[in-house]
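Spelled out from the first residue to the last, the chains are:
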Amino acid sequence: MDIQLKRGFLDVCVLAAIKKGPSYGYQIIKDMSEYVDISESTLYPILRRLESAQFLTVSSAEHNGRLRKYYTITKTGIDRINTFFEDWRELVSMYEYVKKEADTND
Amino acid sequence: MTKAEFLAELRRGIIGLPDEDINRSLEYYSEMIDDRIEDGTSEEEAVAAVGAVGDNVAHILADIPLSHIVKEKIKPKRALRAWEIALIIVCFPVWFTVMIAIISSALAVLAVLWGAVVLIYALTISFCALSLACIAQTFINVFTGYYIGAALFFGIGLGSAGLTIILSILSVHITRAVVGLFKNILLGCKKRFAGNGGKND
């Protein structure tokens, strides 16, 4: 898959992983692992990017005597997911056109 | 590798970044390793699962602009003394010339690389135009009854079309190679500036 396209999809996947409530890095990876193969090193720049774009906020909370960072989705982040659905409908429409044309030529 | 060793090596790889970025990265990877350990894996396995230090450094640097890293690198770590400021002013003709020379060389390398890409595309377009012109000339010669000329232009047109196909494939490969090389050079520069030196642990 095109790197830029995958990057955009992964951003939305991470937002989806924290939509139901605040989550932490390792939990996000575990939640996504069933559908997407993502490593710690891949997640790190995504989280930073999403934070810079104000799609999520970061807070620290104590856990077993150490600090753990929790990521919470913002209103802008939820809007990003909704935009993704609109983009997706357009993509599916393009896919169906390409598929139809390809099948016709066969 | 233990968690402490991993974090120390990671720190060495990004030591040139602003303190905030270094601490943030170390906290992130430390938390990830701790969470894996808490999940039941051993320390060594947790560190191995997080991946090689070099790959993690590359991911950390990927989204940070080179200008940001260079700016941090050349920023004085303490207030300059009077004699240091005087030395910078006196040596201005030397360091400024060297800096201009380095920037010019870098730009020249970039110009050569992208020049090669532009050249191959220009060649592809030229041969494509030549093949189309020759095919058109072939038809004109056939209609005017000049069959030897028609055969000649058809041959040149066919050869040009073949070259166009070969050059198109080459163009794609060369563009990919140049983009890949450019990315590697950029990452290499980032690693060079963000890595060891400039700061003490």
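This structure is a prediction, so every number in the text was calculated from the model and none was measured.

Enquirer: Just give me the short version of the overall build of chain B, but keep the residues and values in it.
Expert: The secondary structure content of chain B amounts to eight helices and zero strands. Ordered by position from N to C terminus, the α and β elements of chain B give α-α-α-α-α-α-α-α. Of all 201 residues assigned to chain B, the portion counted as buried reaches 16%. The contacts in chain B between residues at least 6 apart in sequence include a share of 72% that link residues at least 24 apart.

Enquirer: Just give me the short version of the pairing of strand β1 (residues 56-63) of chain A, but keep the residues and values in it.
Expert: All names here are of chain A. Both β1 and strand β2 (residues 66-73) contribute to a ladder of eight bridges, which runs antiparallel. Residue pairing across strands places S60 opposite K69, the latter belonging to β2. Here β1 hands over to β2 after two residues, with N64 in that stretch at a positive phi of 50 degrees.

Enquirer: An account of helix α4 (residues 53-62) of chain B is requested, with residue identities and associated values reported.
Expert: Burial in α4 of chain B covers these residues: V53, N56, V57, I60 and L61 of chain B. Down the axis of α4 of chain B, the sector holding all buried residues measures 130 degrees, keeping them to one side. In this structure, the buried side of α4 of chain B is in contact with α3 (40-52) of chain A together with α1 (3-13), α2 (19-38) and α8 (147-194) of chain B.

Enquirer: How would you explain α2 of chain B if you had to name every residue and give the values?
Expert: Over its 20 residues, α2 of chain B extends 28 Å from the first C-alpha to the last, a length consistent with the 28 Å expected when each residue adds 1.5 Å. Taken residue by residue, α2 of chain B has S25, Y28, Y29, E31, M32, I33, D35 and R36 of chain B as its buried positions. Buried residues belonging to α2 of chain B abut α2 (25-33), α3 and β2 of chain A together with α1, α3 (43-50) and α4 of chain B.

Enquirer: Could you give me a rundown of the interface of chain A and chain B, with the residues and numbers involved?
Expert: Counting residues at the interface gives 14 residues for chain A and 16 residues for chain B. Taken together, the elements giving at least two residues each to the side of chain A that touches chain B come down to α2, α3 and β2 of chain A. Top contributing element to the side of chain A that touches chain B by residue count: α3 of chain A, with seven residues. In terms of residue class, the side of chain A that touches chain B is made up of three nonpolar, five polar and six charged.

Enquirer: Explain the confidence of the model for chain A to me, and be specific about the residues and the numbers.
Expert: When pLDDT is averaged across chain A, the result is 90; 95% of the residues are at 70 or more. At the level of individual helices and strands, chain A shows its lowest average pLDDT in helix α1 (residues 3-17) of chain A, which scores 87, and its highest in β2 of chain A, which scores 93.

Rules and cut-offs
- Residues numbered from 1 in each chain as written.
- Chains lettered and ligands numbered in written order.
- Predicted model: local features only at pLDDT ≥ 70, side-chain atom pairs only at ≥ 80, totals over all residues.
- Helix = DSSP H or I, 4+ residues; strand = E, 2+ residues; numbered from the N terminus.
- Buried ≥ 20, exposed ≤ 12 C-beta atoms within 10 Å, placed from the backbone.
- Contact = placed C-beta atoms within 7 Å.
- Pairing = 2+ DSSP bridges.
- Arc of directions from axis to C-beta.
- Expected span 1.5 Å × (residues − 1).
- Nonpolar A, V, L, I, M, F, W, Y, C, P; charged D, E, K, R; others polar.
- pLDDT = per-residue confidence, 0-100.

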